[in-house]
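Chains, contacts and geometry: an overview
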Amino acid sequence: MSGAPYSLAGKRVWVAGHRGMVGSALCRRLAGEGCEILIVGRERLDLRRQAEVEAWLAANRPQAVFLPAARVGGILANDTWPADFLYDNLMIAANVIHAAWQAGVEKLVYLGSTCVYPKFAEQPIVEEALLRGPLEPTNQWYAVAKIAGLKLCAAYRRQHGADFIAAMPTNLYGPGDNFDLAASHVVPALIRKAHEAKIAGAASMEIWGTGTPRREFLHVDDCADALVHLMRHYSDEIHVNVGSGEDIAIADLARLVMRVVGFKGDLTHDLSKPDGTPRKLASGERLAALGWRPSIGLGEGLASAYDAFLAGEGRGRAPA
Ligand code: GFB
């Protein structure tokens, strides 16, 4: 159930992971909320170290916390470094959620991902589908850590009355994305590949897998707006999906990116790379019932993401 609106005005609000794509979008979105935004770099606070996290929270006493901090990556990175994705994300969730409760944080929003759902979940995927089937093998490690995080929020609410909630965003893209081709998600990878193919005058651009899987994409500024909406209007044990409500086949996405970038070559396929889950369209009913709607369409969003890439606002990007 949604509680009375929680006000951020005048509050100390910690954005854990403020340098990441979601964290930086949250800082942009919170600028208009009249709150004091607390940030701390990983060179000063390693969220995987429990004692450091407890000491920082006790000293800085945030009243509200957004927790997008995570080790994230695309399908290949998740499949290549399972221990890193499971351990880092498990420790971050356990340390921050427990220490936030100890420090009396009034409200916390934890970020998971729609990859927590079963590989063959009925589409669109409702929140109740969680744990009703086997996970997608390539990102099961990240998914288990994220499931633990969302369950920690529910457990601290049930046992201690902590007002901690969990949001499950769909595939995100936008400014501050990671353009390193080995670690990135599909949108930044296709933007970089199309750009480099255009600059090189190449005849074609290669995508991973068959191009038939479908994915839902949400611009990171829409995601940040939804997270603030949930912080203000939602207080309940079940997690909430955050999506755009539309999905697209990867091959069609690639053609859309090529149009945005201005590359007119052919598509080729590296079938040695995994397709991953066939479809991952989240049901947005629960969030829509709270009065939130996305506002950035995919075409417009991809154009702004390409502009950000050209301006060098991504990590691991190629020289322009
Ligand atoms: O975005 P992506 O890496 O992750 O891949 P997932 C989405 C789809 O795009 C897959 C295809 O079917 C990929 O095979 N694809 C095509 C590419 N070309 C490329 C390319 O050049 N790079 C990449 N990366 N993909 C992620 C999880 O799954 O979803 C994360 O691994 C997170 O942990 C995220 O949960 C939301 O969408 O398959």
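Notes on the structure in this doc start here. Everything numeric in this text was worked out from a predicted model, so none of it was measured.

Rules used throughout
- Residues numbered from 1 in each chain as written.
- Predicted model: local features only at pLDDT ≥ 70, side-chain atom pairs only at ≥ 80, totals over all residues.
- Heavy atoms only, no water.
- Helix = DSSP H or I, 4+ residues; strand = E, 2+ residues; numbered from the N terminus.
- Rg over C-alpha atoms; globule rule 2.2 N^0.38 Å.
- Buried < 20%, exposed > 50% of the residue type's maximum accessible area, 1.4 Å probe, protein only.
- Contact = heavy atoms within 4.5 Å.
- Expected span 1.5 Å × (residues − 1).
- Salt bridge = Lys/Arg side-chain N within 4 Å of Asp/Glu carboxyl O.
- Polar contact = N/O pair within 3.5 Å; in protein donor to acceptor, adjacent residues only side chain to side chain.
- Near = heavy atom within 4 Å.
- Areas by Shrake-Rupley, 256 points an atom, 1.4 Å probe, with all protein chains shown as cover.
- Nonpolar A, V, L, I, M, F, W, Y, C, P; charged D, E, K, R; others polar.
- Core = buried A, V, L, I, M, F, W, Y, C linked by side-chain atoms within 4.5 Å.
- Axes fitted to C-alpha atoms, helices over the stretch in contact; angles between N-to-C directions.
- Left-handed = near helix turned anticlockwise from the far one by under 90°.
- Phe/Tyr/Trp six-rings, centres within 6.5 Å; stacked < 30°, edge-to-face > 60°.

A few words on the overall build of the chain. The helix and strand inventory of the chain stands at 10 helices and 12 strands. What you see for the chain is a C-alpha radius of gyration of 19 Å, in line with the 20 Å of a compact globule of 320 residues. Its C-alpha atoms give the chain principal-axis dimensions of roughly 60 × 40 × 40 Å. Counting all 320 residues of the chain, 52% fall into the buried class. In the chain, of all internal contacts separated by at least 6 residues, the share reaching a separation of at least 24 is 81%.

The next thing to look at is helix α7 (residues 220-233). Helix length check: α7, at 14 residues, gives a terminal C-alpha distance of 20 Å against a target of 20 Å (1.5 Å per residue), a fit within 8%. Of all 14 residues that make up α7, 10 are buried, and the element is covered over most of its length. Every buried residue belonging to α7 is among V220, D222, C223, A224, A226, L227, V228, H229, L230 and M231, and all of these are buried.

Here we take up the pattern of salt bridges. Taken as a whole and judged by the stated rule, the model has 20 salt bridges. For D247, the salt bridge identified is with R214, shortest N-O distance 3.1 Å. Here D247, found in strand β10 (residues 247-249), pairs with R214, found in strand β8 (residues 214-219); they are 33 residues apart in sequence, far enough to count as distant. For the salt bridge of R255 with D252, the shortest nitrogen-to-oxygen distance reads 3.0 Å. Here R255 and its partner D252 are both found in helix α8 (residues 250-261), 3 residues apart, which amounts to about one turn of the helix. Under the relative-accessibility criterion, R255 is labelled partly exposed at 42%. Classification of D252 by relative accessible area gives partly exposed; the value is 40%.

Along the chain, H239 falls in the loop between α7 and β9 (240-242). Of note is the side chain of H239, whose polar atom sits 3.1 Å from the side chain of Y117. From its side chain, H239 meets the backbone oxygen of E127 in a polar contact 3.3 Å long. When neighbours within four sequence positions are excluded, H239 is seen to be in contact with Y117, E127, L130, L150, A166, M168 and R286.

This part is about unusual backbone geometry. Here Q123 and P124 are connected by a cis peptide whose omega angle stands at -10 degrees. Position of P124 among the secondary structure elements: in the loop between β4 (107-111) and α5 (140-160). Notably, L131 is not glycine yet its phi reads approximately 65 degrees, a positive angle.

Every one of the 22 residues lining the ligand counts as a neighbour, but N171, K193, R215, P274 and D275 are closest to it. Within the side chain of N78, an N or O atom sits 3.2 Å from an oxygen atom of the ligand. Taking 700 Å² as the accessible area of the ligand by itself, protein coverage stands at 98%. Sorting the residues of the shell around the ligand by element identifies α3 (75-80), α6 (186-200) and β7 (204-208) as the ones contributing at least two each. Top contributing element to the shell around the ligand by residue count: α6, with 3 residues. A breakdown of the residues in the shell around the ligand according to their chemical character gives 10 nonpolar, 8 polar and 4 charged.

We now examine the nonpolar core. In terms of nonpolar packing, the biggest core is built from 36 residues, with W14, L47, V96, I97, L108 and F164 touching the most fellow members. Listed by contribution, the elements that provide at least two residues to this core are α2 (50-60), β3 (64-67), α4 (82-102), β4, α5 and β5 (164-169). Apart from the residues within four sequence positions on either side, L108 is in contact with V65, V96, I97, A100, C153, D163, F164 and I165. Counting 32 residues, the second-largest nonpolar core is a separate cluster that includes L8, C35, F66 and L230.

Next up on the list: the packing of α6 against helix α10 (residues 298-310). At a minimum axis separation of 10 Å, α6 and α10 run at an interaxial angle of 65 degrees. Handedness of the crossing formed by α6 with α10: right-handed. Where α6 approaches α10, its residues V187, I191, R192, H195 and K198 are matched on the opposing element by L302, A305, Y306, F309 and L310. Considered class by class, the residues forming the contact of α6 with α10 number 7 nonpolar, 1 polar and 2 charged.

This part is about the packing of α2 against α4. The interhelical angle for the contact between α2 and α4, taken along N-to-C directions, is 35 degrees, at an axis separation of 9 Å. Crossing hand, α2 versus α4: right-handed. Judged by residue contacts, Q50, V53, E54 and L57 of α2 engage N95, V96, H98, A99, A100 and Q102 from α4.

So, about the packing of aromatic side chains. Pairs of aromatic rings are described using the distance from one ring centre to the other and the angle between the two planes. In this structure the tally under the stated criterion is 5 aromatic pairs. Seen in terms of ring centroids, F179 and F309 are 4.7 Å apart; in terms of plane orientation they differ by 55 degrees. Their pairing is tilted. Linking F179 in the loop between β6 (171-173) and α6 with F309 in helix α10, this pair joins segments that are 130 residues apart in sequence. With respect to burial, F179 and F309 carry one shared label: buried. Among the aromatic residues, ring-to-ring pairing joins F179, Y306 and F309 into one connected group.

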